[in-house]
Amino acid sequence: MKHFFGTLTLALVGLSLLGASGCKLVCKDNEEDNGSTCIAKSTTKFNGTEVNKSVDYQAGGSVTVSAVYGKVSIEGGAAAGKVEVVFKPFDFEGHDEKELATRQMNENLSLNINEGANIDVTAGRTGEPTNGLGTSITIKLPPEFDGNLTVLNQGDGPLANAGEFDVDIASVQKAATVTLTNKSSLGDCTVQGAPSVLVTSVQCGHKVTVLGVSDDVNITTDGAGFDDPSVVLRVASISATAKGGSITVADKGSIEATFPASGNYSVHGSAPKGAVDPGAPPASCAVTEGSAADKNVACGTGGPTYSLTTNGENDTVFQEGNIKLFYK
């Protein structure tokens, strides 16, 4: 276990609350009348010292990343046999609280890498720091990475001026599975996959983009609304052993999904407050229409089923309740 920052518990005087508005409310007890005095301060993002680490990668091993607050990025570009990790600590505090921010980054931020057959990268808080404390994490994978990739962003923070709630997986190399969980309601999730990824699972609060994966795909998001799709999915290939999956926008937003131009599979689209557009399916596909908001596309001999559902609602301004299908 590698530990880069100390974890000394710090007892803070008074109460500090950070809000999404970019203001910090600081309250202190008033001994004279047993009350409290509160002042609001504009917040500043203080950046700490970057921490870099390279660890050995064993073939078939998994990589798991867990962040308390801060953008998580996964890239290629590491040397063969290595996984490279970059932590960039930060702390949102009052504009005149550089000393507090520095102390919290040094004493209350726990950054760890568990090396071995499987690599675990974690960032957490210790003691009683404010929720403005966090770190961005960048992981670079080696070209031979072929294990399971798991990413969790707790999104436990007040602001997102540089994507602190987001997870951006720009490369998976040869990963077998991708599991992404983003607990922030404002966090975006992006997965640039590969045909080697046979199981993809994404739980996200905002926009989701999943490209180039195969077989089993499950996506759940509250959605982002407005005219841009809340989910963009492109499935590269579907094998005979695939199970299919479920793509759901729980609140508001449209879905755009692209499936292979050949193969055996079915897609069921349900958009109760919008419409389902089956696109221009290949000749091997048959479209069955229950209504304008409920359609099924069966390609080849059928097979795994992908269920697409949005609870978004179209209005006179924004089209938040549609499903549109493409084939490539």
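What counts and how
Residues numbered from 1 in each chain as written. Predicted model: local features only at pLDDT ≥ 70, side-chain atom pairs only at ≥ 80, totals over all residues. Heavy atoms only, no water. Helix = DSSP H or I, 4+ residues; strand = E, 2+ residues; numbered from the N terminus. Buried < 20%, exposed > 50% of the residue type's maximum accessible area, 1.4 Å probe, protein only. Contact = heavy atoms within 4.5 Å. Areas by Shrake-Rupley, 256 points an atom, 1.4 Å probe, with all protein chains shown as cover. Salt bridge = Lys/Arg side-chain N within 4 Å of Asp/Glu carboxyl O. Pairing = 2+ DSSP bridges. Polar contact = N/O pair within 3.5 Å; in protein donor to acceptor, adjacent residues only side chain to side chain. Disulfide = S-S within 2.5 Å. pLDDT = per-residue confidence, 0-100. Phe/Tyr/Trp six-rings, centres within 6.5 Å; stacked < 30°, edge-to-face > 60°. Core = buried A, V, L, I, M, F, W, Y, C linked by side-chain atoms within 4.5 Å.

Across its full length, the protein chain holds one helix and 27 strands. The buried share of the protein chain, taken over its 328 residues, is 47%. The long-range fraction of contacts in the protein chain, counting pairs at least 24 apart against all pairs at least 6 apart in sequence, stands at 64%. Summed over its atoms, the accessible surface of the protein chain is roughly 14,400 Å², and 49% of this surface lies on carbon and sulfur atoms.

Should their charged atoms come close, side chains of opposite charge can pair. Here the structure, examined in full by the defined rule, presents six salt bridges. Here D56 makes a salt bridge to K82, at a shortest N to O gap of 2.5 Å. With a gap of 26 residues between them, D56 in strand 5 (residues 51-56) and K82 in strand 8 (residues 82-94) connect regions that are remote in the sequence. On the basis of relative accessibility, which here comes to 45%, the residue D56 falls in the partly exposed class. Residue classification places K82 among the partly exposed residues on the basis of a relative accessible area of 29%.

A few words on the pairing of strand 12 (residues 148-153). Only one face of strand 12 is covered, namely the face carrying L149, V151 and N153; the face carrying N148, T150 and L152 is uncovered. Bridge analysis of strand 6 (residues 63-67) against strand 12 gives five bridges, and the strand direction is parallel. Across the sheet, the residue bridging to V63 is L149, located in strand 12. Here strand 12 runs beside strand 14 (residues 177-182); their pairing, made up of six bridges, is parallel. Within the sheet, the bridge partner assigned to L149 lies in strand 14 and is V178.

With that settled, the discussion passes to the side chain of D91. Considering the arrangement of structural elements, one finds D91 in strand 8. D91 sits in the buried class, given a relative accessible area of 0%. What D91 contacts, discounting residues up to four positions off in sequence, is T44, K45, F46, L100, A101, Q104, M105, T130, G132 and L133.

Okay, the environment of N314 next. Structurally, N314 is set in the loop between strand 26 (305-310) and strand 27 (323-327). For N314, a relative accessible area of 23% corresponds to the partly exposed category. Not counting chain neighbours up to four residues away, the residues in contact with N314 comprise K273, G274, A275, Q319, E320, G321 and N322. Separated by 2.7 Å, the side chains of N314 and N322 make a polar contact.

For A280, the position within the fold is in the loop between strand 23 (276-277) and strand 24 (285-291). Residue classification places A280 among the exposed positions, given a relative accessible area of 65%. Taking C-alpha positions, A280 is 7.0 Å from F326, a pair spaced 46 residues apart along the chain.

Moving on, we come to the state of the cysteines. Under the definition given, this model contains two disulfides. A disulfide bridge connects C189 with C204, and the sulfur atoms are separated by 2.2 Å. On the sign convention where negative means left-handed, the S-S torsion of about 95 degrees between C189 and C204 marks this disulfide as right-handed. Here C189, found in strand 15 (residues 189-192), pairs with C204, found in strand 16 (residues 199-204); they are 15 residues apart in sequence, far enough to count as distant. Each member of the pair, C189 as well as C204, is classed as buried.

Now for the confidence of the model for the protein chain. Predicted confidence across the protein chain gives a mean pLDDT of 91, with 89% of residues reaching 70 or more. Throughout residues 1-21 the model reports pLDDT below 50, and contacts reaching past four residues in sequence, or to other chains, amount to 67 contacts.

Let's shift gears to the packing of aromatic side chains. Throughout the structure, instances matching the rule amount to eight aromatic pairs. Pairing Y69 with F90 gives two aromatic rings, centres 5.2 Å apart and planes at 80 degrees, and the pair type is edge-to-face. Of this pair, Y69 sits in the loop between strand 6 and strand 7 (72-75) while F90 sits in strand 8, and the two are 21 residues apart along the sequence. A single burial state applies to Y69 and to F90, both of which are buried. Centroid distance F226 to F318: 5.1 Å. Interplanar angle 85 degrees. Geometry classified as edge-to-face. Of this pair, F226 sits in the loop between strand 18 (216-221) and strand 19 (231-237) while F318 sits in the loop between strand 26 and strand 27, placing them 92 residues apart in sequence. Its relative accessible area of 29% is what places F318 among the partly exposed residues. Grouped by ring-pair contacts, the aromatic residues Y69, F90, F92 and F165 constitute a single cluster.

Looking now at the nonpolar core. Generally speaking, a soluble globular protein has its nonpolar side chains buried in company with each other. Within the largest apolar cluster, 66 residues are counted, with the highest numbers of intra-cluster contacts made by I139, I169, F259 and L308. Filtering out sequence-adjacent residues up to four positions away, I169 remains in contact with I74, L149, V151, V178, L180, T190, V191 and Q192. Counting residues in each nonpolar core, the second largest holds six residues, with Y69, F90, L159 and F165 among its members.

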